[in-house]
Amino acid sequence: MIQTLGAWLALWPTFLLAIFLIWGLGMPFVWLAGARGRLTWMCSPVVSAGLIAGAATALPAFGVSWGFKGLLLVWAGCLIAAVGAWGLFFRRSRWGRLRLPSTRTRTRWMDTFPGLVLGAGVIGLTVGRVIGDPENFAQRFDNIFHLNAIRYILDTGDASPLWIGTLVSGDTPPGFYPSGWHALVALLVSASSGVSIPAAVNVATILICGLVWAGGVVFLGQVVAGPRLVVGICSGIAAAAFSAFPLFFLEWGTLYPNLYGFSFMPAVMALTLVICGLTRVQLGPRRIALTLLLLSVPGLALVHPSALLFSALLMSIAGVFSLFRRYPGLDLRQKWVHAFAAVTIVLLFSLLWWKLRTPVADSSRHQGRVTMAQGFGEWLGNAPVGHAFALVVSFAVLWGGWKAWTLHRRVLVLWWAATGVMYVFTASFDPGLQQVIREILTGGFYTDQYRVAALTAITAVPLAILGLVSCFDAVTTWSTKIAVLLDWIRPAAVKALALTILAILTVGLTQIHVVQATAGKVTPFFRNTGDAEILTGDERAVLEKVGDLVPQGATIIVNPGTGAAFAYALADRRVTESAILNIPTEQEQVLRRSLDDIDSMPAVCQAVRSLQAYYVLDFGNGNTLNTTFANGYEGFEDLTSSDFQTLYQMGSARLLRIEGC
């Protein structure tokens, strides 16, 4: 325990660098747009992500490698342009300022800071406990690609979303693959001396789950329920109370780009409410919120387009709701035309994302698993994909939904209901027309229950905040009345004590048997032990020797389904196939099918020489993940010929050198 804590503390320079990249890059632009005070750091992560991903996309066109120097060059250019625009247009106009109001004068930070510390602290400790040692990595299906993609960026100096797909596209043209998260982690590795790829990934994960997500939820809570200390605390509790986000993206996938993109959603929702005039409080001119939302678009699109798609859905619902509510005199036909246009835009964007995705993405479609009635129950009980029923959270959401409806904040209920419909159709397996509806509603999210379940948690958060605030207000009001009757106790002290006790109890009730149970399911995926999900202890031992026994520049023949492809990310040695969803080249196909026929098939040696792949990681011919995507490696069945020399062996796991070619 102490050793693990020391390992995390040793990463403090990487944490500081990550904080600068995630918040510092975007802050000047958010300030120039008109945000002030706490809003500058609440809105800056998505703008920073857009700058990183935009720079990664633009730099290859100028022949500049991906790294800190290239990023700062683009950042400085954008900042000069932004300052020029601010000096020419905004400074001389009545542009105004956008800031969170407060009932306090000198201690405005008290409305948000305690809640942020509470939410970020609980989430950070949970995620840190799941990860364990900072050198651990998720032994999951998608993580083979994600870790190798970071190494690929470091090797090629290109982090463009139009390039990164070449890692797995074989001889076919690469599609668009969102690389914003990979570009961020590659910067952490390249700029931090001695920091491994898994450690950099884990640093980014803790900051994204803790501060980015929790900060956005606190911002959303202040917009929905008003600027008060109790709202901030309830927002922090709500941010950490759902098992579906952020833990689902560590359990399933692991879906780091989705985690990064969806962590921006609370801030996007808050800005959308400000633009549509659906807030509890006035923050300032709506044009500033609109400017901030437009600045968010590059980050949402390039970190993961499904985040932009979900944002478009939320904005369309809020826009149509605001149209019908705020303009009762508008002709009914005009209102429906606007509503139809909004729906059409969302569907067209979904279709565009469907077409732009990498070719292997079409293989990752998911099927339903329950009936529609069961799916409805899972959504209502905040127990998606068969996880534990969340009694306290569900009560808070339902009570908050009632409060939102009666307080004329019904758009929050509509958001939650929309994601509920999406989840019910995604989780259920009923055939016929429902399958078509399922594709239309969630095709942009791979018809994946885990991804859509995360959306239900995101839209449930503001309702949970309203429900918790209502309960907290009732308890503190009664405690104050009791203090007045007793006369010898200060009401303010009793109120503070009641708020503290209630917060501790609520955190405990929302964590035990729900969030912590989910964390318990995720934890084994990050444990590099003998019974790990993909790699055995013997296989890890062999991988640790690869860097010593395989020369730099050599390529290793692997079956990625056994986890051997991790050699690229962990040992910095190229492998023939860098992910399970890999489109093999013609030479790789030969090695897949016939590697063990090396002495009787000349085509095998031709492929070996063509790929300069004279090394083999023999972890068997099966696949630990038990998925059909990793089948077809018959060539790994019998690597016992004299053409294969064993360089290192631990148990049945071996590192071989090909001598017969």
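Conventions and cut-offs
- Residues numbered from 1 in each chain as written.
- Predicted model: local features only at pLDDT ≥ 70, side-chain atom pairs only at ≥ 80, totals over all residues.
- Heavy atoms only, no water.
- Helix = DSSP H or I, 4+ residues; strand = E, 2+ residues; numbered from the N terminus.
- Contact = heavy atoms within 4.5 Å.
- Pairing = 2+ DSSP bridges.
- pLDDT = per-residue confidence, 0-100.
- Core = buried A, V, L, I, M, F, W, Y, C linked by side-chain atoms within 4.5 Å.
- Buried < 20%, exposed > 50% of the residue type's maximum accessible area, 1.4 Å probe, protein only.
- Axes fitted to C-alpha atoms, helices over the stretch in contact; angles between N-to-C directions.
- Left-handed = near helix turned anticlockwise from the far one by under 90°.
- Nonpolar A, V, L, I, M, F, W, Y, C, P; charged D, E, K, R; others polar.
- Salt bridge = Lys/Arg side-chain N within 4 Å of Asp/Glu carboxyl O.
- Disulfide = S-S within 2.5 Å.
- Expected span 1.5 Å × (residues − 1).
- Phe/Tyr/Trp six-rings, centres within 6.5 Å; stacked < 30°, edge-to-face > 60°.

Draft legend 1. Highlighting the overall build of the chain. Each helix and strand counted, the chain has 26 helices and 5 strands in total. The long-range share in the chain, meaning contacts at least 24 apart out of those at least 6 apart in sequence, stands at 75%.

Draft legend 2. A look at the sheet that holds strand 4 (residues 644-650). Across the sheet, which stays open at both edges, the 5 strands sit in the order 2-1-3-5-4 with mixed pairing between neighbours. Because the sheet does not close on itself, it has two edges, and the strands there are strand 2 (574-575) and strand 4. As judged from the 6 bridges shared by strand 4 and strand 5 (residues 653-658), these two strands associate in the antiparallel manner. Residue pairing for strand 5: Q645 is matched across the bridge by R657.

Draft legend 3. Highlighting the confidence of the model for the chain. On average, residues of the chain score 85 in pLDDT, and 87% of them are at 70 or above. Across residues 358-363 the pLDDT falls below 50, and counting only partners more than four positions away or on other chains, this stretch makes 13 contacts in the model.

Draft legend 4. Seen up close, the nonpolar core. Counting 217 residues, the largest nonpolar core has W66, F219, F262, L595 and L617 as the members making the most contacts within it. Of the residues forming this core, the biggest block, 20 residues, is contributed by helix 9 (residues 197-225).

Draft legend 5. Spatial organisation of the packing of helix 13 (residues 265-275) against helix 14 (residues 286-303). Interhelical geometry of helix 13 versus helix 14 gives an angle of 150° and a closest axis separation of 9 Å. Considering only the axes of helix 13 and helix 14, their crossing is left-handed. Residues M265, V268, L271, T272, V274 and I275 of helix 13 touch helix 14, and the partners they reach there are R286, A289, L290, L292, L293 and L300. Across the contact of helix 13 with helix 14, the residue classes tally to 10 nonpolar, 1 polar and 1 charged.

Draft legend 6. Quick look at the pattern of salt bridges. As enumerated under the stated definition, the model contains 7 salt bridges in all. Across the pair R228 and D473 runs a salt bridge, and its minimum N-O distance is 2.9 Å. In this pair, R228 sits in the loop between helix 9 and helix 10 (229-239) while D473 sits in helix 21 (residues 449-486), placing the two residues 245 residues apart along the sequence. Judged by its relative accessible area of 23%, D473 falls in the partly exposed class. For R451, the salt bridge is made with D448, and the minimal N-O distance between the two is 2.7 Å.

Draft legend 7. Expanded view of the environment of F321. Summarising the element assignment, F321 is placed in helix 15 (residues 305-326). According to the relative accessible area criterion, F321 is buried, its value standing at 18%. For the pair F321 and R410, spaced 89 residues apart in sequence, the C-alpha to C-alpha distance is 8.7 Å. Contacts of F321, omitting those with residues within four sequence positions, involve L278, R410, V411 and L414.

Draft legend 8. Representation of the state of the cysteines within the structure. For the structure shown, the criterion picks out 1 disulfide. Between the sulfur atoms of C605 and its disulfide partner C661 the distance amounts to 1.9 Å. An S-S torsion of about -80° defines the bridge between C605 and C661 as left-handed. Note that C605 is positioned in helix 26 (residues 602-611) and C661 in the segment after strand 5, a separation of 56 residues in sequence.

Draft legend 9. Spotlight on the environment of V550. With respect to the element layout, V550 can be found in the loop between helix 23 (537-549) and strand 1 (555-557). Note: C-alpha distance between V550 and L647 (97 residues apart in sequence) is 9.4 Å. Residues within four places of V550 in sequence aside, it is in contact with I556, R573, Y615 and L655.

Draft legend 10. Expanded view of unusual backbone geometry. Between F245 and P246 the backbone carries a cis peptide bond, its omega angle lying at 10°. Along the chain, the position of P246 falls in the loop between helix 10 and helix 11 (248-251). With a phi angle near 60°, D572 is a residue other than glycine that sits in the positive phi range. Looking at where D572 falls in the secondary structure, it is placed in the loop between helix 24 (566-571) and strand 2.

Draft legend 11. Up close: helix 19 (residues 410-427). Given a rise of 1.5 Å per residue, 18 residues ought to cover 26 Å, and the 26 Å separating the end C-alpha atoms of helix 19 matches this to within 8%. Among the 18 residues in helix 19, 13 count as buried, and that is most of the element.

Draft legend 12. Up close: the packing of aromatic side chains. Scanning all chains against the criterion turns up 15 aromatic pairs. Centre to centre, the rings of F145 and Y177 are 5.0 Å apart; their planes meet at 70°, and the pair counts as edge-to-face. Of the two residues, F145 is situated in helix 7 (residues 143-156) and Y177 in the loop between helix 7 and helix 8 (180-191); the sequence distance between them amounts to 32 residues. We classify Y177 as buried; its relative accessible area is 18%. Taking 4.4 Å as the distance between ring centres and 35° as the angle between the ring planes, the aromatic pair formed by W379 and W416 counts as tilted. Of this pair, W379 sits in helix 17 (residues 372-380) while W416 sits in helix 19, placing them 37 residues apart in sequence. For W379, a relative accessible area of 11% puts it in the buried group. Its relative accessible area of 8% is what places W416 among the buried residues.

Draft legend 13. Region of interest: the pairing of strand 3 (residues 615-618). A two-sided burial pattern is seen for strand 3, the buried positions comprising Y615 and L617 on one face and V616 and D618 on the other. Here strand 1 runs beside strand 3; their pairing, made up of 2 bridges, is parallel. Pairing of I557 across the sheet is with V616, part of strand 3. Sheet topology places strand 3 next to strand 5; 4 bridges connect them, and they run antiparallel.

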